Amino acid sequence: MADLPLDAQRRLRSATAVRGGWGRYPRATMSAWRPESPEDAAALLLRADGPLLPVGGLRSYGDQALLTGGGAIRMLRLNRFLALDTATPAVECEAGVTFGELLEVLAPHGLSVPVSPGTRFVTLGGAIANDVHGKNHDRFGAVGAHLDWIDLLLVSGEVRRLTPSGTPELFAATLGGCGLTGLILRARLRLQRTSQAVEVRYSRHDNLEALMAALVEARNAASYSVAWLDAVAAGARLGRGVLETAEPAADTDGPRASDRWLALPFDLPGGLLNRWTVGAFNALYYRRIPVGGRTRRLPLARFLYPLDAIGGWNRLYGRAGFHQFQCVLPEATAPTGLARILERVTASGRASFLAVLKTLGAEGAGHLSFPRPGFTLALDIPRRPGSLELLAALERLTLEHEGRVYLAKDSALSAESVPVMYPRLPAFRRVLAEVDPEARLQSDMARRLGLRGGG
Amino acid sequence: MRPVWIVLGATSPLARAFAIEAGRAGAALLLVARDAERLAPVAADAAIRTGAEVDTLVADFAEPAGLAALATTCWDRAGALGDGPVCLFAAAGTMPDQAQIDAQPELVRRVFAVNAVSLAELLQRLAPRFEAQRGGRIVVVGSVAAERGRPSNYVYGASKAALQTYLQGLRGRLFPAGVGLTTVVPGFLDTAMTYGLPGTFLVAAPETAARRIWRAAARGREVVYVPWFWRWIMLVIRLIPEPLFKRLKL
Ligand SMILES: Cc1cc2nc3c(=O)[nH]c(=O)nc-3n(C[C@H](O)[C@H](O)[C@H](O)COP(=O)(O)OP(=O)(O)OC[C@H]3O[C@@H](n4cnc5c(N)ncnc54)[C@H](O)[C@@H]3O)c2cc1C
């Protein structure tokens, strides 16, 4: 049978390749293993030489899932559903299960995940490792707020079941821990009973102040809210955008999500996206919504994953790749801070497609959780000469306004800013020193930002 | 009527994906594998993903002494799961490197035992039951390596060739009883067997392969290549004259 012991080497063979994150910059030459069982993953940790890093769907943008000269442990094949408790409701599954699979399996039971990132290709392990948030953070918090436990495979080969109360330090370090505490094998996620369709309301707001006011109103009233902002519009129109709010539809049997998604199989020439084409697209996106707004009914998956409609859209930016910049600014500093950030972006002429603006609620539970109360802005910056200077300027503006940059998206932050933006970094480092004193787990991001500390 | 699929080697990625296809189509599943610890999550997963009724059986299929009992247990447990015909999927395979076999010639015996002998004996024991049932379907996974002996893989290939020849005969035997038999001839599948292996190309995801196998079996196909183009690759390879073939470093 195929499950008879193949020789251990074969099962643990690696493939070497040049890889990049979702932004396709930076790149790294690294090997990769792809275990098909937790036992094989454990054998790998004990036997492989050199630094290692668990990776999931590779939907982080920068160098968080890269490890130059080391080995990635690809977790995608550990994707088994282990238990579905429809009463509580909650699901137990392996870390390689993606949000797409979760939605598909849960839908027939009238269930869904309480929190989801913006693409269905993210794995549960990757979501935990960044304590991801959705379009409902004000009400539901981040994914970490819905976990009963996490099974973590430590570099020692030991598997530990982490809970917020039983193992508070290791739980808080693993949640948002960028894969550095160990391999997340399994988790139990509490679920939400919900309609599989949503009523979405679109409204347009012609400047930043109006858009922010609309978001503040929506955060208390709507189940989901997100704004798409035109990051090319300047002057009086700075920060204009479309607010989407959504409520679960009353009757559950809405339109079914079609599984026909388009795919972009090639790179677009780098120059195609410039301030004029993107500006035109953004203007079109804005004007599509009538002044009085409109509503539409959408399958839940379509609403949660609008960008997945075009597979491989990251290739729109050409071979050079792109950066994504996402920051959160506290309520008090956000109005001026966001305006200054947008002014800087529009002045640079570095076209960004639609930027996303959301509100965030409570502080995350992980030592390096990104969410904190305030406004979060995310934008794409095509990689061209000068884009690093722009990112440095955005980093400074974020610091000046007491904000923080999201590590899941980052490819340009400086190491000095991290302890300021993430005040719980020392606690995170203490846990790493304890569970992985020899720094077996590493990433290009951890090296760049000195996340482990101690040089 | 609810058919029941017995899936042998259920922890292999292809068998797991096939079980999910069968479950989605409304069948009940009896998943059989050697390693209880690896089988449990696969069984839970198939049940949750498909809503199918799933039973498991831990058995070491390479153990010749247990095969008579295994045949009986499989058949009885499967019969208890549904009122439709019992069907069988078998993904058998151990594939040590040829170099390893060269170093340990006793591995030849093991490769044949697992890939051909045990499976043939089990099928031989189940054949009368399939005949008595007068229906059902058997799907067995062979290999493109069976179709031409190559220095890099000939022991494995020969064991699969033995199996495939056996299946041809069994197909003819079962045909009058209305039992279909599909031989699956996979090229490279994207599993741990090929991951990172130099010289592999156009590997197919197990899920894609399983869907194709499921459709072919449902249509009553005798032989199915996965991915499909391997039929043509193998046609060419079979046509190369032996005096030339022996000089090719394949
Ligand atoms: C289009 C798009 C939309 C997005 N929208 C959102 C959003 O709305 N909200 C949000 O919060 N994020 C969002 N993200 C970011 C994304 O959710 C995170 O980057 C997430 O971590 C990616 O998960 P992944 O499975 O792809 O992991 P990878 O990118 O492969 O890895 C990310 C990190 O997780 C670690 N990791 C992965 N698996 C494991 C494991 N099993 N055990 C331990 N560590 C592991 C890795 O080491 C790495 O540090 C979006 C990304 C994209 C591309």
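It should be emphasised that the depicted structure is a prediction, and the values quoted were computed from it without experimental measurement.

Engineer: Just give me the short version of the sheet that holds strand E9 (residues 159–162) of chain A, but keep the residues and values in it.
Structural biologist: Think of a sheet as strands paired side by side through backbone hydrogen bonds, with each pair either parallel or antiparallel. Residue and element names in this part refer to chain A. Taken in spatial order, the 5 strands line up as E5-E6-E10-E8-E9 in an open sheet, and their pairing is antiparallel. Where the open sheet ends on each side, the last strands, each with one partner, are strand E5 (81–85) and E9. Strand after strand, the sheet turns through a mean of 10° between neighbouring axes, direction not considered.

Engineer: Quick one: what's the story with the interface of chain A and chain B, residue by residue and with numbers?
Structural biologist: At the interface, 31 residues of chain A touch 39 residues of chain B. Of the roughly 3100 Å² buried at the junction of chain A and chain B (both faces included), carbon and sulfur atoms supply 50%. Run the count over chain A and chain B and you get 3 salt bridges. At the junction of chain A and chain B, the tally comes to 6 residue pairs in polar contact (both at pLDDT 80 or more). For the side of chain A that touches chain B, the element with the highest residue contribution is E5(A), accounting for 4 residues. Across the side of chain A that touches chain B, the residue classes break down as 13 nonpolar, 3 polar and 15 charged.

Engineer: Mind laying out the pairing of strand E4 (residues 71–74) of chain A, listing which residues take part and the relevant values?
Structural biologist: Residues and elements named next belong to chain A. With 3 bridges joining them, strand E2 (residues 27–33) and E4 adopt parallel strand pairing. If you follow Ser31 over to E4, its bridge partner there is Gly71. As paired strands, strand E3 (residues 52–55) and E4 are joined by 4 bridges and run parallel to one another. What sits directly across from Leu53, in E4, is Ala72.

Engineer: Let's hear about the site of the ligand: which residues, and what values?
Structural biologist: Residue and element names in this part refer to chain A. As a matter of local geometry, the ligand sits amid 36 residues, with Pro54, Arg59, Ser60, Thr123 and His133 nearest to it. One nitrogen or oxygen atom from the main chain of Gly56 is found 2.8 Å from an oxygen atom belonging to the ligand. Among the elements of the structure, E3, helix H4 (124–129) and strand E10 (183–190) are those that each provide at least two residues to the shell around the ligand. Residue composition of the shell around the ligand, grouped by class: 20 nonpolar, 13 polar and 3 charged.

Engineer: So what about the packing of aromatic side chains? Which residues, and what values?
Structural biologist: Residues and elements named next belong to chain A. One pass over the full model with this rule turns up 15 aromatic pairs over all chains. Ring geometry for Tyr224 against Phe303: centres 5.3 Å apart, planes inclined by 70°, an arrangement best described as edge-to-face. Highlighted residues: Tyr224 in strand E13 (residues 224–229) and Phe303 in helix H9 (residues 300–304), separated in sequence by 79 residues. Judged by relative accessible area, Tyr224 falls into the buried class, the value being 6%. On the basis of relative accessibility, which here comes to 2%, the residue Phe303 falls in the buried class. Here the aromatic rings of Trp228 and Tyr285 are separated by 6.5 Å at their centres, their planes lie at 55°, and the arrangement is tilted. Placement of the pair is Trp228 in strand E13 and Tyr285 in helix H8 (residues 275–287), with a sequence separation of 57 residues. On the basis of relative accessibility, which here comes to 9%, the residue Trp228 falls in the buried class. Each member of the aromatic cluster is reached from another via a ring pair, and the members are Trp22, Tyr61, Trp313, Tyr317 and Phe322. The side chain of Arg161 reaches across the aromatic face of Trp149, ending 3.5 Å from its centre. Here the guanidinium or amino end of Arg294 rests over the ring plane of Tyr202, the centre of that ring lying 5.5 Å away.

Parameters and conventions
Residue positions are counted from 1 within each chain, in the order its sequence is given. Chain letters and ligand numbers both follow the written order, the letters beginning at A and the numbers at 1. Under the rules for a predicted model, residues below a pLDDT of 70 receive no local features and side-chain atom pairs below 80 are neither given nor counted, while totals for whole chains, interfaces and linings still include all residues. As a convention, hydrogens and water are excluded, and side-chain values are obtained from all of the structure's heavy atoms. Following DSSP output, two strands are said to pair if at least two bridges run between them. Under the scheme used here, helices are H or I runs from DSSP no shorter than 4 residues and strands are E runs no shorter than 2 residues, and both carry numbers assigned from the N terminus. Where helices are involved, their axes are fitted lines through C-alpha atoms of the stretch in contact, as for all axes, and angles between N-to-C directions lie from 0 to 180°. When checking whether two residues touch, look at their non-hydrogen atoms; a contact exists if any pair is within 4.5 Å. The term buried area refers to how much accessible surface (probe radius 1.4 Å) is lost by two components on association, counted for both of them together. Think of a salt bridge as a Lys or Arg side-chain nitrogen and an Asp or Glu carboxyl oxygen that are within 4 Å of each other. Here a polar contact is recorded for every N or O atom pair within 3.5 Å, except that within protein the pair must consist of a potential hydrogen donor and a potential acceptor, and residues adjacent in sequence are included only if both atoms are side-chain atoms. In this count, Pro and Cys sit with the nonpolar residues alongside Ala, Val, Leu, Ile, Met, Phe, Trp and Tyr, while Asp, Glu, Lys and Arg are called charged and the others, Gly among them, polar. The nearness test applies per residue and asks whether one of its heavy atoms lies within 4 Å of the molecule or strand. Any two rings among Phe, Tyr and Trp, with Trp reduced to its six-membered ring, count as a pair given centres within 6.5 Å; such a pair is stacked if its planes are under 30 degrees apart, edge-to-face if over 60, and tilted if neither. Exposure is judged per residue with a 1.4 Å probe applied to protein chains only, and the accessible area is read against the type maximum: over 50% gives exposed, under 20% gives buried, and values in between give partly exposed. Put simply, a charge is over a ring when the Lys NZ or the Arg CZ is close to the ring centre, within 6 Å, and near the line of the ring normal, within 35 degrees.

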